Amino acid sequence: MKERALKTVVKGAGYTAAGMVISKFMTYFYRVAVARLLGPDAYGQLSIGLAVLSFVNAFAALSVGVAVNKYVPEYLEDGTISDIKGAVLSSFSITVPLSALAGVLMFLFAEPLATQVFSAEQPQKVAEVIRVLAFVPVFGNMQSVVESVFSAYRRVKYQVIDEMIVRNIAQVLITVVLILNGVGVAAAAFGWLGATVVALIVGTYWMEKHLGPILTSDAPANLQRRKIVRFSAPLVLGSAAGTLLSHIDTFMLSYYLTETQVGFYNAAIPTAALIQLPYIALQRLTMPSLSALKENFESDVPQTVKTLTRWALMTCLPLFGGVVLFPGESLRLLFGEPYVSASTALVILAAGRIVDVATGYMSEVLSAYGETKILFKNSFVQLAINIGLNVALIPFLGIVGAALATAGTTSALNIILVAEAYYVEGIQPFTRRLLKPLAALTASITAVYAATQMFFEFVPVWAMIPAGTTFVALYLSLLLVLGSFYEEDAQIIESVGRKLGSEEKGEKLGGWLAG
């Protein structure tokens with residue numbers, strides 16, 4: 001295996017993970033603030049509004065950001081500032097009118113959506129949220145173009161700070177201030193809108209200052225609307241399918257159940273998603289690294305995929321274990337007592353997430369080998385399975401049915417992806433080495449669960465700290481005892497130590513773990 005590829009993944013993932021972790025927790029805090037301060041019904045109303053916004057945005061954006069990511073790097077190599085300026089302005093001129101139209105439609109049809117589509121118990125509140133969010137597409141899609149420019153210039157630092165940090169901090173502050181001043185559920189929608197505007201202003205300023213001038217350049221703009229539309233328009237259907245897939249459970253719950261139940265479920269969804277943070281951090285750099293590795297050292301791809309899968313699983317399992325041990329306690333601590341009813345749904349969703357991690361980066365493998373048609377077809381298969389399971393299960397099982405539908409669909413698709421990657425390219429993510437962290441997790445959960453049940457009938461919140469600490473310590477100790485670290489792990493740790501100016505400590509730690 002080529003350690004260079006693995007080191008590139010770790011370096012990039014470590015950098016983007018910092019911003020991403022902050023972003024995830026700030027977004028999570030935003031949801032917790034709304035859920036705690038306004039209650040599950042208002043939180044459910046916000047969740048419905050955000051689902052509508054995401055689906056509408058998939059069409060309004062027209063995927064022009066993807067076109068910017070494709071053409072601007074080419075212009076940096078062989079083009080001029082006129083070409084770059086033209087690509088950005090053309091993207092604005094395409095997405096702004098579409099976004100404005102989408103916003104007008106959202107605003108005008110907010111009431112029918114709330115009453116006839118979602119059958120809301122408080123339709124006026126749901127309609128109010130949708131009307132405020134109707135102003136987001138114009139600013140949000142302009143911001144997406146700006147973020148794509150940062151990515152195209154490979155200046156990820158500014159993209160991370162603006163999109164993941166500035167935006168989320170502004171969102172939380174605006175929302176909390178408005179809620180405390182009695183604005184109600186609309187405060188959360190105004191917080192989303194205000195943060196989007198702030199991120200657009202800051203991002204545009206940084207783009208002009210650190211990358212440009214681009215928009216303010218004296219160079220004439222070489223507009224290229226047709227070129228961008230021809231490239232981006234075919235991507236819209238896949239984008240819409242992916243967006244609908246992400247929110248179909250919320251849509252279906254809002255149709256069959258109340259906003260309060262939607263609120264309970266949407267407390268479980270982001271909590272379960274937190275266990276995948278290490279996996280997503282590695283995923284950010286996996287596809288480009290695999291693509292480069294395929295071009296230069298194709299024979300090393302299978303082992304690289306297996307190593308990445310093992311790293312992701314080992315780092316995600318402790319978070320999964322915490323959810324399994326303390327589902328109700330976690331929801332009570334973060335969202336409040338009413339949300340404890342989503343405990344079963346949380347465990348089911350978390351199980352679906354860990355299956356996603358354990359089956360590796362098969363989507364990235366297929367993308368690296370150019371099998372995008374397979375992925376496109378998979379998205380519609382996944383959507384059909386998810387809709388069918390939601391229709392079958394939600395009327396009988398409520399939010400537990402929605403969780404089973406989501407986790408079941410995720411598991412089914414990942415099994416399909418593993419089969420496809422193995423059939424097409426002979427690559428699969430599994431190795432016997434994965435059994436060691438799974439064994440360590442099982443033993444750790446069993447021991448801590450038995451101990452907590454011995455001392456407590458109902459685990460108090462304060463007991464999560466010593467129990468959680470014991471669980472993590474036991475898990476890490478068992479990883480060492482079982483010999484779960486290998487030579488390539490030691491080399492990565494030594495490399496990180498050198499970059500941090502602690503080469504000797506890195507070598508000692510790497511040698512100790514691998515030894």
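Computed from a predicted model, the values in this text were never measured in an experiment.

### Describing the overall build of the chain
Here's step 1: The secondary structure content of the chain amounts to 23 helices and 0 strands.
Here's step 2: Residue burial in the chain is summarised as follows: out of 515 residues, 51% are buried.
Here's step 3: Partitioning the contacts of the chain with sequence separation of at least 6, the portion at a separation of at least 24 is 83%.
Here's step 4: Carbon and sulfur atoms make up 65% of the accessible area of the chain, which amounts to about 22,400 Å² in all.

### With respect to the nonpolar core
Here's step 1: One finds Met106, Leu133, Phe335 and Ile354 to be the most contacted residues of the largest nonpolar core, which totals 96 residues.
Here's step 2: Look past the residues within four positions of Phe335 in its chain and what remains in contact with it is Tyr28, Arg31, Val32, Ala35, Arg36, Tyr43, Ala267 and Thr271.
Here's step 3: Ranked by size, the runner-up nonpolar core spans 26 residues in total, among them Tyr75, Val149, Ile214 and Ile228.

### Details of helix 15 (residues 327-334)
Here's step 1: Among all positions in helix 15, only Pro327, Gly328, Glu329, Ser330 and Leu331 are buried.
Here's step 2: Just beyond helix 15, the residue with positive phi is Gly336, at close to 120°.

### Digging into helix 20 (residues 435-455)
Since the α-helix advances by 3.6 residues per turn, residues separated by three or four positions end up pointing in the same direction.
Here's step 1: The terminal C-alpha atoms of helix 20, which comprises 21 residues, lie 31 Å apart, in line with the 30 Å expected from a rise of 1.5 Å per residue.
Here's step 2: Those residues of helix 20 not exposed but buried are Pro437, Ala440, Leu441, Ser444, Ile445, Val448 and Thr452. The arc enclosing the buried residues of helix 20, seen along the axis, measures out at 125°, which places them on a common side. Opposite the packed face of helix 20, turned more than 90 degrees from it, sit the exposed residues Leu435, Thr446 and Met454.

### Focus on a nonpolar patch on the surface
Here's step 1: Judged by side-chain polarity, Leu101, Val104, Leu105, Phe107, Leu108, Phe109, Phe135 and Phe139 come together as a nonpolar surface patch covering roughly 760 Å² of accessible area.
Here's step 2: In terms of residue count, helix 4 (residues 81-108) provides more of the nonpolar patch than any other element does, 5 residues in total.
Here's step 3: Positionally, Leu108 belongs in helix 4.

### As for the pattern of salt bridges
Here's step 1: Evaluated as defined, the whole model comprises 2 salt bridges.
Here's step 2: Arg131 is the partner of Glu111 in a salt bridge, and the nearest nitrogen-oxygen pair spans 3.5 Å. One end of the pair, Glu111, is in helix 5 (residues 110-117); the other, Arg131, is in helix 6 (residues 123-133), and 20 residues separate them in sequence.
Here's step 3: Arg332 serves as the salt-bridge partner of Glu337, at 2.7 Å between the closest nitrogen and oxygen.
Here's step 4: Residue Glu337 is classed as partly exposed on the basis of its relative accessible area, which comes to 49%.

### Points about the environment of Ala421
Here's step 1: By the element assignment, Ala421 lies in helix 19 (residues 399-425).
Here's step 2: Residue class for Ala421 comes out buried when judged on its relative accessible area of 0%.
Here's step 3: Linking Ala421 and Met362, residues 59 residues apart in sequence, is a C-alpha distance of 6.4 Å.
Here's step 4: Setting aside anything within four residues of it in sequence, one finds Ala421 in contact with Met362, Leu366, Gly426 and Ile427.

Calculation criteria
- Residues numbered from 1 in each chain as written.
- Predicted model: local features only at pLDDT ≥ 70, side-chain atom pairs only at ≥ 80, totals over all residues.
- Heavy atoms only, no water.
- Helix = DSSP H or I, 4+ residues; strand = E, 2+ residues; numbered from the N terminus.
- Buried < 20%, exposed > 50% of the residue type's maximum accessible area, 1.4 Å probe, protein only.
- Contact = heavy atoms within 4.5 Å.
- Areas by Shrake-Rupley, 256 points an atom, 1.4 Å probe, with all protein chains shown as cover.
- Core = buried A, V, L, I, M, F, W, Y, C linked by side-chain atoms within 4.5 Å.
- Expected span 1.5 Å × (residues − 1).
- Arc of directions from axis to C-beta.
- Patch = residues over 30% accessible without salt bridge, like charges linked within 9 Å, V, L, I, M, F, W, Y side chains within 5 Å.
- Salt bridge = Lys/Arg side-chain N within 4 Å of Asp/Glu carboxyl O.

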